Amino acid sequence: MAERTREPQQKAGESIARLPRRLNAAAAEPRLRHFGAGRFEPAWLSLWALAIGREAEKPLAWLLAAAHLPRALLIAGELNLAPPADDGVLLLDGGPRPTLSQFERWWLWERLARPRRWSLRVQPSTLRAVELPLWLGYSQGRLGYGKERQARLIVLSGLSGEALGALKPAVLSGLRDRAGAGPGVTHPAAPNDGPVPG
């Protein structure tokens with residue numbers, strides 16, 4: 001099995017935790033088939049979590065993000081975290097730690113969509129690494145202009161079962177990193193590393 005490293009961009013002494021996988025294979029398969037996936041697999045995506053609230057000790061929500069993502073995910077309430085276990089599931093690196101100004105920019109966009117949240121602030125002292133559970137679906141897609149089939153990637157949340165298209169850049173980057181990691185990698189990358197529609 002490939003040697004798996006946790007967060008190469010973490011500083012020494014920082015710990016990573018895992019959000020619980022609530023969507024099992026029996027529930028994920030019909031959702032992924034609905035999107036046209038011919039095969040699917042579970043995965044973990046490493047992200048960075050930063051609390052949102054009036055006080056760091058009492059977070060009301062969390063922003064989950066990485067530098068490879070165009071926007072952050074907003075999760076309301078507390079994070080129910082557990083230590084990671086080596087379960088053999090595909091582990092993807094979501095990208096380097098975003099800067100505080102990036103988190104503040106993402107939070108600004110969330111506040112614009114939710115005007116009642118203007119009094120809440122990002123809490124820099126709460127920054128931590130987390131692993132988000134995902135289900136990845138792969139479909140052959142349609143014939144492209146060059147008569148080659150373009151693979152399609154479907155990303156489902158392992159927490160809620162929602163399709164998370166915003167996570168595709170980080171997932172694709174993680175798959176490319178794993179594909180370039182050498183012959184010791186045992187997990188398959190996406191079927192085609194070309195353009196991914198949708």
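Please refer to the structure higher up on the page.
Residues numbered from 1 in each chain as written. Predicted model: local features only at pLDDT ≥ 70, side-chain atom pairs only at ≥ 80, totals over all residues. Heavy atoms only, no water.

Student: How do you make sense of the overall build of the chain when you look at a structure like this?
Tutor: The helix and strand tally for the chain stands at three helices and seven strands. Helices (α) and strands (β) of the chain occur, in sequence order from the N terminus, as β-α-β-β-β-β-α-β-β-α. Residues classed as buried in the chain amount to 43% of the 198 residues present. In the chain, of all internal contacts separated by at least 6 residues, the share reaching a separation of at least 24 is 71%. Carbon and sulfur atoms provide 53% of the accessible area of the chain, an area that totals close to 10500 Å². (Helix = DSSP H or I, 4+ residues; strand = E, 2+ residues; numbered from the N terminus. Buried < 20%, exposed > 50% of the residue type's maximum accessible area, 1.4 Å probe, protein only. Contact = heavy atoms within 4.5 Å. Areas by Shrake-Rupley, 256 points an atom, 1.4 Å probe, with all protein chains shown as cover.)

Student: Please clarify how the pairing of strand E4 (residues 73-76) should be interpreted in this entry.
Tutor: On a regular strand, one side chain projects to one face of the sheet and the next to the other, so that they alternate. Residues Leu73 and Ile75 of E4 are buried on one face, while the alternating residues Leu74 and Ala76, pointing to the opposite face, are not. Note that strand E3 (residues 61-65) and E4 share four bridges and pair antiparallel. Bridge pairing in E4 links Trp62 to Ile75. (Pairing = 2+ DSSP bridges.)

Student: What exactly am I supposed to notice about the side chain of Ser139 here?
Tutor: Along the chain, Ser139 falls in strand E6 (residues 121-139). In this structure Ser139 touches Gly36, Ala37, Gly38, Gln150, Ala151, Arg152 and Ile154, once residues within four positions along its chain are discounted.

Student: For this particular structure, what's the right way to read the nonpolar core?
Tutor: Counting residues in each nonpolar core, the largest one holds 29 residues, and the members touching the most others are Leu64, Leu132, Leu134, Leu136, Leu167 and Val171. Excluding residues within four positions of it along the chain, Leu167 makes contact with Leu45, Leu69, Leu73, Leu132, Leu134 and Val155. Within the second largest apolar cluster, 14 residues are counted, among which are Ala61, Trp106, Leu120 and Ala129. (Core = buried A, V, L, I, M, F, W, Y, C linked by side-chain atoms within 4.5 Å.)

Student: I tried to follow a nonpolar patch on the surface on my own but got confused; where do I start?
Tutor: On the surface, a nonpolar cluster with roughly 430 Å² of combined accessible area is contributed by Leu108, Trp109, Leu112 and Trp118. In this structure, Leu112 sits in helix H2 (residues 100-113). Under the relative-accessibility criterion, Leu112 is labelled partly exposed at 46%. (Patch = residues over 30% accessible without salt bridge, like charges linked within 9 Å, V, L, I, M, F, W, Y side chains within 5 Å. Salt bridge = Lys/Arg side-chain N within 4 Å of Asp/Glu carboxyl O.)

Student: I keep staring at the packing of aromatic side chains and nothing clicks. Help me out?
Tutor: We describe a pair of aromatic rings using the distance from one ring centre to the other and the angle between the two ring planes. The full count for this structure, using the stated rule, is two aromatic pairs. Ring geometry for Phe103 versus Trp106: centroids 5.6 Å apart, planes at 85°, classification edge-to-face. You can see Phe103 and its partner Trp106 sitting in helix H2, three residues apart, about one turn around the helix. Judged on exposure class, the residue Phe103 and its partner Trp106 are both buried. Lying over the aromatic face of Trp44, Arg18 brings its terminal NZ or CZ to 3.9 Å of the ring centre. For Arg97, the ring lying beneath its charged end belongs to Trp48, and the centroid distance is 4.6 Å. (Phe/Tyr/Trp six-rings, centres within 6.5 Å; stacked < 30°, edge-to-face > 60°. Lys NZ or Arg CZ within 6 Å of the ring centre and 35° of its normal.)

Student: Sorry, what's going on with helix H3 (residues 168-179) here?
Tutor: Given 3.6 residues per turn, any residue in an α-helix points the same way as the ones three and four places further on. Helix length check: H3 (12 residues) gives 16 Å between terminal C-alpha atoms against 16 Å at 1.5 Å per residue, within 8%. By the burial criterion, the buried members of H3 are Lys168, Ala170, Val171, Leu172, Ser173, Gly174, Leu175 and Arg178. Tucked into the core, H3 has its buried residues touching strand E2 (39-53), strand E5 (90-93), E6 and strand E7 (152-157). (Expected span 1.5 Å × (residues − 1).)

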